[in-house]
Amino acid sequence: MKIIVCIKQVPDSEAKVVAADGKASWGDAPLVINPFDEYAVEGALQQKEAQGGEVIALCLGPETAKEALKHALAMGSDSAILVSDPALGAVDSQGAAKLLAAAIPKIGGVEMVVFGRQTLDDGTGLTIAQTARVLGWPLLSFAGAIKVDGGKATVERVFEEGKQTISASLPAVVSVVQSIGEPRYPSFMGIRKASKAVIPQWSLADLGVTAPTPVVTRAALDNPPSRDVTCEIITGETPAQIAEALAEKILAEKVL
Amino acid sequence: MDFSLSTEHEMTQKMVRDFAQKEIAPVIKEYDRKQEPVPTSLKRMGELGILGLCFPVRYGGQGMDYVSLGLACEELEAVDTHLRVAMSVHTGLCSMTLFQWGTEEQKEKFLTELASGKKLGCGAFTEPGCGSDVSAVQTSAKRDGDFYILNGEKMWISLASKADYAMVVARTNPDAKKPSAGLSSFLVDLHSEGVKTGDLHGKLGVRAGSTGWISFSDVKVPVANRIGEEGEGFKITMAGFDHGRYTVASGATGLIRASRDVSVKYALERRTFGKMIGEHQLVQQKIAQMMQDYEIARMLYLKVGWLKNMGERSTLATSYAKKFATEASFNAANEAIQIHGAYGFSDEYDAERYLRNSKGAVIYEGSSEIQTLIQAGYALGFREDKPLRCELPAYDEAFWNE
Ligand SMILES: Cc1cc2nc3c(=O)[nH]c(=O)nc-3n(C[C@H](O)[C@H](O)[C@H](O)COP(=O)(O)OP(=O)(O)OC[C@H]3O[C@@H](n4cnc5c(N)ncnc54)[C@H](O)[C@@H]3O)c2cc1C
């Protein structure tokens, strides 16, 4: 089975992101593979192990995003492709979906496209459904487990409220959640392979498309309002008294 | 001169960091308090290939270079010293010594088991009566046909009760003119009859690691397990320390970094006299010292890694790196406690564990005093690097990955 795993590069989750002049910056914090996408790579590799076949990591982003693709290679993906073009400015989720959906048929013979549930940066979680829509493929979202049998994928969707099992015929788009299993560490063999990999870069011309015009533009980007916090230590003779005083405070503040 | 790390190095660093942070950091306080080894550490380091990182794939290793070994040790000790100690003894003292001095058959047989993490190794030199003075070891090995019969006791041996093999130095010739010329090295199977091992308790630090003793009572060791020639034991042990000390130096560098990181974090949180304590110059001075020491320690060990990759002797460079980094890690941990005030005195915070863990490394693998003697010896011409019969193979990417 030929599986594509779509990944994005994002600032490290520990980075302190600051907005200034409508732009986000994160100092010299490293850029990493979107943590949710590590689960996607894990899910894709599990399918490869179960079904045989290959896993191709696909990323839309600047040249530096090759580092994120290398992580996917080191984890065990067979190859990687970067879609990148200087003509691309800001790309919204729909634009990203159009570009990914142009690259996937070009790879050819793909039976499953796996995504992480959302990105750590924009976090819309929309690109997944939009890619499925542009491809005209079914979407099996929030998969905590995937089973492929006889040209059909069955996934267990995991929610806070419970579980749901759904299936669709392949090819299909799948988004995975953490229950798929902890992402494996890159192996040293994988690391050596990844560090030597020459990752092909596809331009808009290679895909035969023009730069998509964003349908959603960002009008402003602001830092969260600084929190005005006061700290009060509640004292009392006994734990029961302290608890009572605390409960009264909470009720008075209408927190509960 | 190129100071940059390769993608391979950076990815190795991240992989080892992720392992240590995700799997060990959350449980380390619990085991350190209980004074029990973290049960998963060695198993996971073996499975992930960390224990055999720098050996050729043909011998069961992962095919990475010696710089990667240092980077891995830095990441491991930034989380806890016991992880790096495993690298020092299994990888450094035991496996690298075997890689340097072993015959092809010995490498195929033993190194493959060790580098692949299937078997664990340790280095057993210290005895109840001698540590720094290796030439004084009392453990005896008497030739008897195709065997040597070992008798004696080793003390303060990291992983003594966990390892399958020990690289042991023992006296084969009690009549040698120079005591050091009467020693030989053996890779002893610790499951042999007559071997007993146990753990030492009540240690100041490395409480989540295992440190113990080994006793040999008429243990039959096949001649095929002698490493090097008879009488080469002292040289082999000293050469092995070049490898062990490299891991100690790089690990201690990670400990400086850890002390720096907790200090910075706390200095930005804690307020006194209406300011964050990080705004007080005396606190800044301590943090600046940690920054500088980290940078120096890192450069020193990376140079050793580079020398090893090139196949050059690194005894003096290793001595600088080991002494500087271990002493600086002790100072950094000490100042990290100071910055934390009373909280630094509590095991709720990491700094006190860093201090307890840092002290051992100033003593083992050649104490600071011994390092000073080595350095002065080179300066005064009392010491020089003479060619060894077997050198550690230079890193050769093609050979390593065949
Ligand atoms: C946590 C831990 C783990 C260890 N793991 C191992 C292991 O895996 N394998 C192993 O073989 N050993 C191990 N050791 C033992 C360690 O290598 C020895 O403790 C070390 O070599 C020092 O020897 P010693 O303790 O006998 O001290 P001694 O040699 O008795 O030295 C006592 C003091 O005298 C100083 N001194 C000695 N000679 C001189 C000199 N010529 N000039 C000036 N000062 C001198 C020393 O620096 C020290 O301060 C470990 C020790 C510890 C604490």
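In this text, all values refer to a predicted model and were calculated from it rather than measured experimentally.

As for the nonpolar core
The nonpolar side chains of a soluble globular protein tend to be buried with one another.
Then comes step 1: In terms of nonpolar packing, the biggest core is built from 128 residues, with Met112 of chain A together with Ile50 and Ile214 of chain B touching the most fellow members.
Then comes step 2: Setting aside anything within four residues of it in sequence, one finds Ile50 of chain B in contact with Phe188 of chain A together with Met15, Val16, Phe19, Met45, Leu76 and Met87 of chain B.
Then comes step 3: In terms of nonpolar packing, the next biggest core, distinct from the first, is built from 27 residues, Ile81, Val83, Leu88 and Ile107 of chain A among them.

Observations concerning the interface of chain A and chain B
Then comes step 1: Each partner contributes to the interface: chain A provides 14 residues, whereas chain B provides 22 residues.
Then comes step 2: Roughly 1,500 Å² is buried in total at the junction of chain A and chain B, and carbon and sulfur atoms are behind 64% of that figure.
Then comes step 3: Here chain A and chain B share two salt bridges between them.
Then comes step 4: Ionic pairing is found between Glu397 of chain B and Lys196 of chain A, a salt bridge with its closest N-O pair at 2.8 Å.
Then comes step 5: Joining chain A to chain B, the criterion identifies six residue pairs in polar contact (both at pLDDT 80 or more).
Then comes step 6: Going through the elements one at a time, helix 2 (66-75) and helix 5 (188-196) of chain A are the ones with two or more residues in the side of chain A that touches chain B.
Then comes step 7: With seven residues, helix 5 of chain A is the largest single contributor of residues to the side of chain A that touches chain B.
Then comes step 8: Looking at the side of chain A that touches chain B, its residues break down into eight nonpolar, two polar and four charged.

Looking at the pairing of strand 10 (residues 152-158) of chain A
Residues and elements named next belong to chain A.
Then comes step 1: Only one face of strand 10 is buried, namely the one carrying Ala153, Val155 and Arg157, since none of Lys152, Thr154, Glu156 and Val158 on the opposite face is buried.
Then comes step 2: With six bridges joining them, strand 9 (residues 139-149) and strand 10 adopt antiparallel strand pairing. Each bridged residue has a counterpart across the sheet, and for Val148 the counterpart in strand 10 is Ala153.
Then comes step 3: The hairpin formed by strand 9 and strand 10 contains two residues between the paired strands, and Gly150 there has a positive phi angle of roughly 55 degrees.
Then comes step 4: Pairing geometry for strand 10 and strand 11 (residues 163-169), over seven bridges, is antiparallel. Each bridged residue has a counterpart across the sheet, and for Arg157 the counterpart in strand 11 is Gln164.
Then comes step 5: Hairpin connection, strand 10 to strand 11: the antiparallel pair is bridged by four residues, and Gly162 has positive phi, about 155 degrees.

Focus on the domain arrangement of chain B
Residues and elements named next belong to chain B.
Then comes step 1: Partitioning chain B into structural domains gives domain 1 (7-120), domain 2 (122-231) and domain 3 (235-400).
Then comes step 2: Each of domain 2 and domain 3 has a C-alpha centre, and these two points are 28 Å apart.
Then comes step 3: Connecting domain 2 to domain 3 are zero salt bridges.
Then comes step 4: Applying the counting rule to domain 2 against domain 3 returns two residue pairs in polar contact (both at pLDDT 80 or more).
Then comes step 5: Along the lines of polarity and charge, the residues of the side of domain 2 that touches domain 3 split into six nonpolar, four polar and two charged.

Looking at the site of the ligand
Residues and elements named next belong to chain B.
Then comes step 1: Near the ligand there are 18 residues, and of these Thr126, Ser132, Trp156, Ser367 and Glu369 occur at the shortest range.
Then comes step 2: Thr126 is positioned such that a nitrogen or oxygen atom in its side chain is 2.6 Å from a nitrogen atom of the ligand.
Then comes step 3: Separating a nitrogen atom of the ligand from a backbone N or O atom of Trp156 is a distance of 2.8 Å.
Then comes step 4: Taken by itself the ligand offers 970 Å² of open surface, and the protein chains cover 64% of this.
Then comes step 5: If you list the elements that add at least two residues to the shell around the ligand, you get strand 3 (147-158) and helix 11 (368-380).

Examining helix 11 of chain B
Residue and element names in this part refer to chain B.
Then comes step 1: With 13 residues, helix 11 should reach 18 Å at 1.5 Å per residue; the first-to-last C-alpha distance of 18 Å fits that figure.
Then comes step 2: Listed as buried for helix 11 are Ser368, Gln371, Ile374, Gln375, Gly377 and Tyr378.
Then comes step 3: For helix 11, the elements touching its buried residues are helix 7 (233-267), helix 9 (315-340) and helix 10 (351-363).
Then comes step 4: Gly381 sits one or two residues past helix 11 and shows a positive phi near 80 degrees.

Section: a nonpolar patch on the surface
Residues and elements named next belong to chain A.
Then comes step 1: Residues Leu251, Val255 and Leu256 make up a contiguous nonpolar surface patch of about 380 Å² in total accessible area.
Then comes step 2: Inspection of the secondary structure assignment puts Leu256 in the segment after helix 7 (239-252).
Then comes step 3: Under the relative-accessibility criterion, Leu256 is labelled exposed at 80%.

Some words on the pattern of salt bridges
Then comes step 1: Evaluation of the coordinates by the stated rule reveals 37 salt bridges over all chains.
Then comes step 2: Among the ionic pairs, Glu232 of chain A bridges to Lys249 of chain A, the shortest N-O distance being 3.1 Å. Of the two residues, Glu232 of chain A sits in the loop between helix 6 (204-207) and helix 7 while Lys249 of chain A sits in helix 7, which places them 17 residues apart along the sequence.
Then comes step 3: Between Arg353 of chain B and Asp350 of chain B there is a salt bridge; the shortest N-O distance is 2.8 Å.
Then comes step 4: Given the relative accessible area of 4%, Arg353 of chain B is considered buried.

About the thresholds
- Every chain's residues receive numbers from 1 upward, in the order its sequence appears when written.
- As a convention, the first chain written is A and the first ligand written is 1, with the rest following in written order.
- Totals for whole chains, interfaces and linings use every residue, but because this is a predicted model, local features are given only for residues with pLDDT of at least 70 and side-chain atom pairs only at 80 or more, for both listing and counting.
- As a rule here, side-chain values come from all non-hydrogen atoms in the structure, and water together with hydrogens is ignored.
- Within this scheme, the nonpolar core is defined by two criteria: the residues are buried Ala, Val, Leu, Ile, Met, Phe, Trp, Tyr or Cys, and they are joined through side-chain atoms within 4.5 Å.
- Note on classification: 1.4 Å probe, protein chains only; a residue is buried when its accessible area is under 20% of the maximum for its type, exposed when over 50%, partly exposed between these limits.
- Residue contacts follow a heavy-atom distance rule, with two residues in contact if any of their heavy atoms lie within 4.5 Å.
- Note on definitions: buried area is the accessible-area loss of two parts on being combined, 1.4 Å probe, summed for both.
- Salt bridges, as used here, are contacts in which a Lys or Arg side-chain nitrogen is within 4 Å of a carboxyl oxygen on Asp or Glu.
- Under this definition, polar contacts are N or O atom pairs within 3.5 Å; protein pairs additionally need one hydrogen-donor-capable and one acceptor-capable atom, and for neighbouring residues in sequence, both atoms have to be side-chain atoms.
- Labels follow the DSSP assignment, with helices taken as runs of H or I lasting at least four residues and strands as runs of E lasting at least two, numbered in each case from the N terminus.
- Throughout this entry, Asp, Glu, Lys and Arg are counted as charged residues, while Ala, Val, Leu, Ile, Met, Phe, Trp, Tyr, Cys and Pro are counted as nonpolar. The remaining residues, Gly among them, count as polar.
- Strand pairing is assigned whenever DSSP identifies at least 2 bridges connecting the two strands.
- Note that the domain bounds were set by an automatic or database domain assignment.
- Summary of the distance rule: residues count as near a molecule or strand when at least one heavy atom falls within 4 Å of that molecule or strand.
- Here the open area of atoms and residues is found with the Shrake-Rupley method and a 1.4 Å probe, where only the protein chains shown may cover a residue.
- One less than the residue count of a helix, multiplied by 1.5 Å, gives the span that helix is expected to have.
- For patch building, the residue pool is restricted to those with more than 30% relative accessible area and no salt bridge; the joining distance is 9 Å between like charges and 5 Å between nonpolar side chains (Val, Leu, Ile, Met, Phe, Trp, Tyr).

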